[in-house]
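One letter stands for each residue in the lines below.
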Amino acid sequence: SQTIHQWPATLVQPVGSPLSLECTVEGTSNPNLYWYRQAAGRGLQLLFYSVGIGQISSEVPQNLSASRPQDRQFILSSKKLLLSDSGFYLCAWRDAGNEQFFGPGTRLTVL
Amino acid sequence: GENVGLHLPTLSVQEGDNSIINCAYSNSASDYFIWYKQESGKGPQFIIDIRSNMDKRQGQRVTVLLNKTVKHLSLQIAATQPGDSAVYFCAERAGFQKLVFGTGTRLLVSP
C-alpha cells in the first residue's frame, strides 16, 4: 500500500533562517506531487506541483521554492523565511487516478 | 478562482442529526469533484467523489449531490456523530494535474 511521509512534524524557525521540508512517498511510481500551505483556520493554497523528476510548476509568486531530486521525494525550501511563511504545509501525491492523498503535514512557525 | 484566504464558516449540529455542507464551485468545465475531511492538526482525508456525469453518489452515511446548473455541490452526513467534527473541503479538478479547493466548512457536533 502507498504511504506518504513528511518531516519534521513541527518546526519553529527565526525570521531570515533557511527552510527545508521533506516529503517522500512509498508504494507508487512516478506520482504527481504537490505542496500546499494552509494558514490557521483557512483553506488550502496550492504552492507547487511536479509531474516528474526535476519538473516543478509554481502556482503563486512567493519566498519558497521546490525541488524533486528523486521520483518519490519532494522538497520545499526557502533561503530566508518571512513571518508570513508560517502555516501548515501539506504534501500530497496522485497517481493515475483523480484523488490526491495527503501527508500528515508540517506545522511551521516563524518567529 | 480559489477561495483561499477566507475564514471558515461553521455548522453546528446535534449528535444524531443529519448535516448538510454546501460548496459553490467556480469552473463550469470542471468534471470531477471530491470532498475531504480534515481533523485538527492532520492532513485532509478523502471522503467521497463524484464525476460531472452524475447528480448523486452515496457512500457509507454520506451522500454527495451535484447541481451543475448552479455549480453547487453538497455533502450530506446522516446521523452525525461527534467523530464527524472536522473541517470539510470540496475540491474541483482544474485541468489534468490540479485540484482547486473550496474555503472549507467547520462542522461541530454536540453530544
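Quick caveat: nothing in here was measured; it's all calculated off a predicted structure.

Quick look at the overall build of chain A
- Looking only at helices and strands, chain A has zero helices and 11 strands in total.
- Taken from the N to the C terminus, the helices and strands of chain A come in the order β-β-β-β-β-β-β-β-β-β-β.
- Relative to its length of 111 residues, chain A is compact, with a C-alpha radius of gyration of 13 Å against a globular reference of 13 Å.
- Expressed along its principal axes, the backbone C-alpha trace of chain A runs to roughly 40 × 25 × 20 Å.

Some thoughts on the sheet that holds strand S6 (residues 62-67) of chain B
Residue and element names in this part refer to chain B.
- In spatial order, the strands read S2-S7-S6-S5; together these four strands make up an open sheet with antiparallel pairing. Single-partner strands in this sheet number two, and they are strand S2 (19-24) and strand S5 (56-58). Going from strand to strand, the sheet's axes swing by 15° on average, the running direction of each strand aside.
- Across six bridges, the pairing between S2 and strand S7 (residues 72-77) is antiparallel. Note that in S7 the partner of Ile-21 across the bridge is Leu-75.

A few points about the interface of chain A and chain B
- Each side of the interface is counted separately: chain A has 23 residues, and chain B has 26 residues.
- Each partner contributes to the roughly 2,000 Å² buried at the junction of chain A and chain B, and carbon and sulfur atoms together form 50% of this total.
- A per-residue breakdown of the area chain A buries against chain B is headed by Arg-42, Leu-44 and Asn-98 of chain A, which together make up 31% of the total.
- Taken together, chain A and chain B are joined by one salt bridge.
- The residue Lys-98 of chain B makes a salt bridge to Glu-59 of chain A at a minimum N-O spacing of 3.1 Å.
- Where chain A packs against chain B, one counts three residue pairs in polar contact (both at pLDDT 80 or more).
- Where the side of chain A that touches chain B is concerned, the elements lending two or more residues are strand S4 (32-38), strand S5 (44-52) and strand S9 (87-94) of chain A.
- The leading source of residues in the side of chain A that touches chain B is S5 of chain A, at five residues.
- Split by residue class, the side of chain A that touches chain B holds 10 nonpolar, eight polar and five charged.

Side note on the packing of aromatic side chains
- Under the defined criterion, the tally for this structure stands at 10 aromatic pairs over all chains.
- On the numbers, 5.8 Å between centres and 75° between planes, the contact of Phe-102 of chain A with Phe-101 of chain B is edge-to-face. Here Phe-101 of chain B lies in strand S9 (residues 98-101) and Phe-102 of chain A lies in strand S10 (residues 101-102), a pairing that spans two chains. Assigned by exposure class, Phe-102 of chain A and Phe-101 of chain B land together as buried.
- Three or more aromatic residues joined by ring pairs form one cluster here, namely Tyr-34, Tyr-36, Tyr-49 and Phe-102 of chain A together with Tyr-36 and Phe-101 of chain B.
- Taking NZ or CZ as reference, Arg-107 of chain A lies 4.6 Å from the ring centre of Phe-88 of chain A, over its face.

Considerations on the pattern of salt bridges
Residues and elements named next belong to chain B.
- Enumeration over the complete set of coordinates arrives at nine salt bridges over all chains.
- The closest approach of N and O atoms between Lys-37 and Glu-39, which form a salt bridge, is 3.5 Å.
- Each of Lys-37, Glu-39 and Lys-42 takes part in salt bridges that share partners, so that together they form one network.

Concerning the side chain of Asp-85 of chain A
- Among the structural elements, Asp-85 of chain A can be located in the loop between strand S8 (73-78) and S9.
- Once residues within four sequence positions are removed from consideration, Asp-85 of chain A is found in contact with Arg-37, Asn-63, Leu-64, Lys-80, Leu-108 and Val-110 of chain A.

Here is what the cut-offs are and how they apply
- Sequence positions are assigned chain by chain, starting from 1 and proceeding in written order.
- Here the convention is simple: chains get letters from A, ligands get numbers from 1, in the order in which they are written.
- In keeping with the model being predicted, local features are shown solely for residues with a pLDDT of at least 70 and side-chain atom pairs are shown and tallied solely at 80 or more, while totals for entire chains, interfaces and linings include all residues.
- To get the side-chain values, take all heavy atoms of the structure and skip hydrogens and water.
- Comment: elements are numbered from the N terminus, with helices defined as DSSP H or I runs of at least four residues and strands as E runs of at least two.
- To get the radius of gyration, use the C-alpha atoms; to get the globule rule, take the number of residues to the power 0.38 and multiply by 2.2 Å.
- In this analysis, strands are considered paired if DSSP registers two or more bridges between them.
- Convention adopted: a line fitted to C-alpha atoms gives each axis, helices being fitted over their contacting stretch, and angles between N-to-C directions are expressed from 0 to 180 degrees.
- Residues are treated as being in contact if the distance between any of their heavy atoms lies within 4.5 Å.
- Buried area adds together the accessible area that both of two parts lose upon being put together, with accessible area traced by a 1.4 Å probe.
- Take a side-chain nitrogen of Lys or Arg and a carboxyl oxygen of Asp or Glu: if they are within 4 Å of each other, that pair is a salt bridge.
- Whenever a nitrogen or oxygen atom comes within 3.5 Å of another N or O atom, the pair is scored as a polar contact, on the condition that within protein one atom can donate a hydrogen and the other can accept it, and that pairs from neighbouring residues in sequence are kept only if both atoms are in side chains.
- Residue polarity follows a fixed list, in which Ala, Val, Leu, Ile, Met, Phe, Trp, Tyr, Cys and Pro are nonpolar, Asp, Glu, Lys and Arg are charged, and the others, Gly among them, are polar.
- Only rings of Phe, Tyr and Trp enter the pairing, Trp through its six-membered ring, and a pair is recorded when the two centres are within 6.5 Å. The plane angle decides the type: under 30 degrees is stacked, over 60 is edge-to-face, the rest tilted.
- We call a residue buried when its accessible area falls under 20% of the maximum for its residue type, exposed when it is over 50%, and partly exposed in between, using a 1.4 Å probe and counting protein chains only.
- Only when the NZ atom of a Lys or the CZ atom of an Arg is both within 6 Å of the ring centre and within 35 degrees of the ring normal do we say a charge sits over the ring.

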